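In case you want the letters, here they are:
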Amino acid sequence: MSNERGFENVELGVIGKKKKVPRRVIHFVSGETMEEYSTDEDEVDGLEKKDVLPSVDPTKLTWGPYLWFYMLRAATSTLSVCDFLGEKIASVLGISTPKYQYAIDEYYRMKKEEEEEEEENRISEEAERQYQQNKLQTDSIVQTDQPETVISSSFVNVNFEMEGDSEVIMESKQNPVSVPP
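Treat the numbers as computed from the prediction; the structure is a model and nothing was measured.

Any chance you could explain the overall build of the protein here in plain terms?
Looking only at helices and strands, the protein features 5 helices and 2 strands. The buried share among the 181 residues of the protein stands at 3%. Here the protein has roughly 18,600 Å² of accessible surface; of this, 58% comes from carbon and sulfur atoms.

Encoded structure:
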């Protein structure tokens, strides 16, 4: 009986591992909840942020640490503003761009044009070769399809008359003009 009872009270999970506490619990309108756990990266970032700026209540400090706290805060914010403005001024003056960027851009533009020209030449040569092959094939087909020439001379006389012209000619022939004596 004791063996059966041991199986009833088995806890699932690894022994000695502490249970993770959710970093945030989100409650939805529908009544559902979602637990958000922190990752290892979040924990490392959190520790680094705590080391950089300790959370201190300046109202409970004495005069010395109080002044030191606000001097440190003013220095870090001033440094951040100077860094931001320096970056913007450098980009406006063109200091942050490479000195010979125009030469680099020109090199790549010329290289691209050469590649396009080579591609066009290759395509035109291939088209010319294809045209020559097709021309040779059609010439050979035309020559083989022609009957052997027989030496003979023939003459065909073809006259063209328009209907309107023949009536005008006929009218002019029927009405003779009289000449006075």
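Got a minute to help me understand helix α3 (residues 63-93) in this structure?
Turn by turn, an α-helix covers 3.6 residues, leaving residues three or four places apart pointing in a common direction. When the terminal C-alpha atoms of α3 are compared, their 44 Å separation across 31 residues agrees well with the 45 Å that a helix rising 1.5 Å per residue should span. Backbone geometry just downstream of α3 places Gly94 in the positive-phi region, at approximately 85°.

I'm lost on the confidence of the model for the protein in this one. Help?
Interpreting fine coordinate detail is not advised for predicted regions of low pLDDT. Per-residue confidence for the protein averages 76 on the pLDDT scale, and 59% of its residues sit at or above 70. Of all the helices and strands in the protein, helix α5 (residues 163-174) carries the lowest mean pLDDT, 53, while α3 carries the highest, 93.

Looking at this model, I keep getting lost on the packing of aromatic side chains. Mind explaining?
Within a pair of aromatic rings, the relevant descriptors are the distance that separates the centres and the angle that separates the planes. Summed over the entire model, instances satisfying the criterion amount to 5 aromatic pairs. On the basis of an interplanar angle of 80° and a centroid distance of 5.3 Å, the ring pair of Phe69 and Tyr70 is categorised as edge-to-face. For the ring pair Tyr107 and Tyr108, a centre distance of 5.4 Å and an interplane angle of 65° mean the geometry is edge-to-face. Among the aromatic residues, those joined into a cluster by ring pairs are Trp63, Tyr66, Phe69 and Tyr70.

Would you explain the pattern of salt bridges in this entry?
For side chains bearing opposite charge, pairing can occur when the charged atoms are close. Within the structure shown, the criterion is met by 6 salt bridges. Of the charged contacts in the structure, one is a salt bridge between Arg23 and Glu36, with a shortest N-O distance of 2.8 Å. Of this pair, Arg23 sits in the loop between α1 (2-8) and β1 (24-27) while Glu36 is found in strand β2 (residues 33-36), placing the two residues 13 residues apart along the sequence. On the accessibility criterion, Arg23 (48% relative accessible area) is partly exposed. Put simply, Arg122 and Glu126 hold a salt bridge, and the shortest N to O gap is 3.4 Å. Pair noted here: Arg122 and Glu126 are both in helix α4 (residues 101-145), with a separation of 4 residues, about one helical turn.

Whenever I open this one, the pairing of β2 confuses me. Can you help?
Consecutive residues of a regular strand have side chains that alternate between opposite faces of the sheet. Where β1 lies against β2, 4 bridges are found, and the strand directions are antiparallel. Across the sheet, the residue bridging to His27 is Thr33, located in β2. Taking the residues between adjacent antiparallel strands as the criterion, β1 and β2 are bridged by 5 residues, where Gly31 takes a positive phi near 100°.

I tried to follow a nonpolar patch on the surface on my own but got confused; where do I start?
Nonpolar side chains collect at one region of the surface, where Val81, Phe84, Leu85, Ile89, Val92, Leu93 and Ile95 lie side by side and expose about 750 Å² of accessible area between them. Relative to the helices and strands, Val81 resides in helix α3.

For this particular structure, what's the right way to read a negative patch on the surface?
A contiguous patch of negative charge, built from Glu114, Glu115, Glu116, Glu117, Glu118 and Glu120, is present on the exposed surface. Along the polypeptide, Glu115 turns up in helix α4.

When you look at the environment of Val25 in this model, what are you seeing that I'm missing?
With respect to the helices, strands and loops of the structure, Val25 is situated in strand β1. What makes Val25 partly exposed here is its relative accessible area of 39%. Measuring from C-alpha to C-alpha, the distance between Val25 and Glu35 comes to 4.5 Å, with 10 residues separating the pair along the chain. Dropping the residues within four chain positions of it, Val25 is found in contact with Thr33, Met34 and Glu35.

About the cut-offs
Residues numbered from 1 in each chain as written. Predicted model: local features only at pLDDT ≥ 70, side-chain atom pairs only at ≥ 80, totals over all residues. Heavy atoms only, no water. Helix = DSSP H or I, 4+ residues; strand = E, 2+ residues; numbered from the N terminus. Buried < 20%, exposed > 50% of the residue type's maximum accessible area, 1.4 Å probe, protein only. Areas by Shrake-Rupley, 256 points an atom, 1.4 Å probe, with all protein chains shown as cover. Expected span 1.5 Å × (residues − 1). pLDDT = per-residue confidence, 0-100. Phe/Tyr/Trp six-rings, centres within 6.5 Å; stacked < 30°, edge-to-face > 60°. Salt bridge = Lys/Arg side-chain N within 4 Å of Asp/Glu carboxyl O. Pairing = 2+ DSSP bridges. Patch = residues over 30% accessible without salt bridge, like charges linked within 9 Å, V, L, I, M, F, W, Y side chains within 5 Å. Lys, Arg positive; Asp, Glu negative; His and termini not counted. Charge placed at Lys NZ, Arg CZ, Asp CG, Glu CD. Contact = heavy atoms within 4.5 Å.

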